[in-house]
Every structure is written in C-alpha cells, then in structure tokens.
Amino acid sequence: MRVLVVTCTAGFRHNYLSAAIEVITRLGDRNGFEVRATEDCSEISRELLGSTSSVIFLTTGEIPLSDEQKQELIDYVERGGGFVGVHNAADTLYGYPKYHEMLGGTFNGHPWTGEVGVVVEDGDHPSTKGLPIKFTTREEVYTFKDWDRKKTHVLISLDAKTVDLSKGNRADGDYALAWCHEFGKGRVFYTAFGHFIPTWRSAWFQGHLLGGINWTANRLDDGAFAI
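From a predicted model like this one, the values you see are computed outputs, not experimental measurements.

Caption draft 1: Geometry of the overall build of the protein. Helix and strand counts for the protein stand at six helices and 11 strands. Since a compact globule built from 227 residues should have a radius of gyration of about 17 Å, the 16 Å found for the protein is in line with a globular shape. Each principal axis of the C-alpha distribution contributes one length, and for the protein these read about 45 × 40 × 30 Å. Sequence separation of 24 or more characterises 75% of the internal contacts of the protein that already satisfy a separation of 6 or more. Accessible surface, the protein as shown: approximately 9600 Å² in total, 48% of it carbon and sulfur. Charge separation in the protein, taken as the distance between the mean sites of 23 positive and 30 negative side-chain charges, equals 3 Å.

Caption draft 2: How the structure looks around the sheet that holds strand β3 (residues 54-57). Taking strand neighbours across the sheet as the criterion, the nine strands line up as β2-β1-β3-β4-β11-β10-β9-β6-β7 in an open arrangement whose pairing is mixed. Of all the strands in the sheet, just β2 (34-38) and β7 (134-141) have a single pairing partner and so form its edges. Shown here is a sheet whose adjacent strand axes are inclined to one another by a mean of 20°, direction ignored. Lying on the sheet, helix α1 (residues 17-31) is in contact with β1 (2-6), β2 and β3; it crosses β2 at an angle near 160°.

Caption draft 3: Quick look at the packing of aromatic side chains. What the rule picks out here adds up to 15 aromatic pairs. For the ring pair Tyr142 and Phe144, a centre distance of 6.4 Å and an interplane angle of 65° mean the geometry is edge-to-face. As far as burial versus exposure is concerned, Tyr142 and Phe144 are alike and both buried. An aromatic cluster is defined as three or more aromatic residues linked by ring pairs; in this entry it consists of Tyr16, Phe135, Phe193, Trp200, Trp204 and Phe205. Its end group placed over the ring of Phe196, Arg138 keeps NZ or CZ at 3.8 Å from the ring centre.

Caption draft 4: Representation of the nonpolar core within the structure. If you look at the biggest cluster of nonpolar residues, it comprises 70 residues, and the most contacted ones within it are Phe83, Tyr99 and Trp200. Apart from the residues lying within four places of it in its own chain, the contact partners of Phe83 are Ser54, Val55, Phe57, Leu73, Val77, Tyr99, Met102, Leu103, Arg187, Val188, Phe189 and Thr216.

Procedures and definitions
- The numbers attached to residues start from 1 for each chain and follow its sequence in the written order.
- It should be noted that, the model being predicted, local features are given only for residues of pLDDT at least 70 and side-chain atom pairs only at 80 or more, the latter also being counted only at that level, while totals for whole chains, interfaces and linings use all residues.
- Side-chain numbers here rest on the full set of heavy atoms in the structure, without hydrogens or water.
- Helical segments are the DSSP runs of H or I of at least four residues, strand segments are the runs of E of at least two, and each set is numbered from the N terminus.
- Each radius of gyration reported is based on C-alpha atoms, and the globular scaling rule is 2.2 Å times the count of residues to the power 0.38.
- When checking whether two residues touch, look at their non-hydrogen atoms; a contact exists if any pair is within 4.5 Å.
- Residue-level accessible areas treat just the shown protein chains as cover; the underlying method is Shrake-Rupley with a 1.4 Å probe.
- A positive count includes Lys and Arg, and a negative count includes Asp and Glu. His and the chain ends are not counted in either.
- Note on charges: their place is set at NZ of Lys, CZ of Arg, CG of Asp or CD of Glu.
- By definition, two strands form a pair when at least two bridges between them are found by DSSP.
- For helices, the fitted axis covers only the stretch in contact; all axes are lines through C-alpha atoms, and the angles between them, taken along N-to-C directions, range from 0 to 180 degrees.
- Pairs were defined over the aromatic rings of Phe, Tyr and Trp, the Trp ring being its six-membered one, requiring ring centres within 6.5 Å. Orientation was assigned from the angle between planes: stacked under 30 degrees, edge-to-face over 60, tilted for the rest.
- Accessibility here uses a 1.4 Å probe with only protein chains present; expressed as a share of the type maximum, an area under 20% marks a residue as buried, one over 50% as exposed, and anything in between as partly exposed.
- Geometrically, a charge over a ring is one whose NZ (Lys) or CZ (Arg) sits within 6 Å of the ring centre while staying within 35 degrees of the ring normal.
- We define a nonpolar core as any set of buried Ala, Val, Leu, Ile, Met, Phe, Trp, Tyr and Cys residues linked to one another through side-chain atoms lying within 4.5 Å.

What follows is the structure in structure tokens.
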C-alpha cells in the first residue's frame, strides 16, 4: 500500500506541513504502508496515481495542476482510489468545481479559533473509534459553502454551544468538521482539524487521520493499528 502526500502551496502556507509529513511517515512505518510526499505538483500523473492507494492533500490555493492533471485526479477517485483532505485541502482549487464536488465542500472562512467543543456523530467509523462522544480541542474552525450533510456522511461536528454562533456564516448553523462519502467507486474522507502543530502530535488526531486513510484505502481487516 502506498500513500501519496501532496503539499503544494499556492496560498497561505501552514506551518504544520513538516510535522504532518513526519507524522504520516511514522504512521506508515508502524502500520505497513509506504508514504511518498511531494511538493511538486508536476509529479502528479496517471501512472503515479495508479500505484497509489490513497492521496492526501495538504494543499492551499490554486495549485499548479494542468486541466489534464485535475481530471486525472478525479478519474483516479472515481475509478476506486482513495482521497484524504486535511484542513486547508478545502481551501484549494477554487477554479475547479469538480474538485469541491468530490471533496464535499469549499472553505468559507474561519470565524472561531481557540478551544472549542466537538461532537462525534458516528463513533463506529474507523476515524472516530475510541473518541469520546464530546471533547474539546484547539482549532481554527473552518466553515463551508456548497456543503450539504445530505450529500455526505458527517463524522464529527462543532458543538454549537461552545462558540458564538452569531459569528458563523451558515443560515442552518450546521458546522461539520469531518465527513466521508463514496465518489464513483472511490472513497473520500475530509477532516477540518489540523491547523495547529500540537494537534498533529496528539494521539486522538493521529488515530483519527489513520482511520480515515485506512477507510479510503479499503484497508480495514489487517488487525490493530499503531500510532
């Protein structure tokens, strides 16, 4: 199993990227999968994607993918590939609506930053097993447009009682923080967590991310996983 981590940045560059590569590589070492990380978007090709079980985007802005590369990414997922979007992956490729259709939503601001409460809506998913129903964490909370819970499966959402909802920008007050769904024959997992480096160092987030990776790669029957 190979996981491809893409860190191309064409907008705000998050300072967690080095920690993220370190953490994902260690998860791979401990759980039997190879990790290849690249900041060079030109490497993304049908051939590389074809040898990849899951692609992880840690990207920002209009990253330099050609129209052909963008279509290859979508085709890869629709044919059965796995895709994991972390935090700013929703703040990527605004000019390519198909990407956001695949991902499930588009970044639309971050009105709350700090300690917030979250609610686990599905505790049976590989990315949420072991998490308490409610817990608190420090995060830059993203909100999303072109997102509808009827079109995806919500895993974790914001506990609205822990923030000033008047600062939000959704009329329905529905702020999901992690979700998953099938796209064609492939699987997509998105988590809005990960803005702060300590989050990447935390056991709960590493387990959450590892579960999402394994789910997108259809790798669920190999026994216990190590973080």
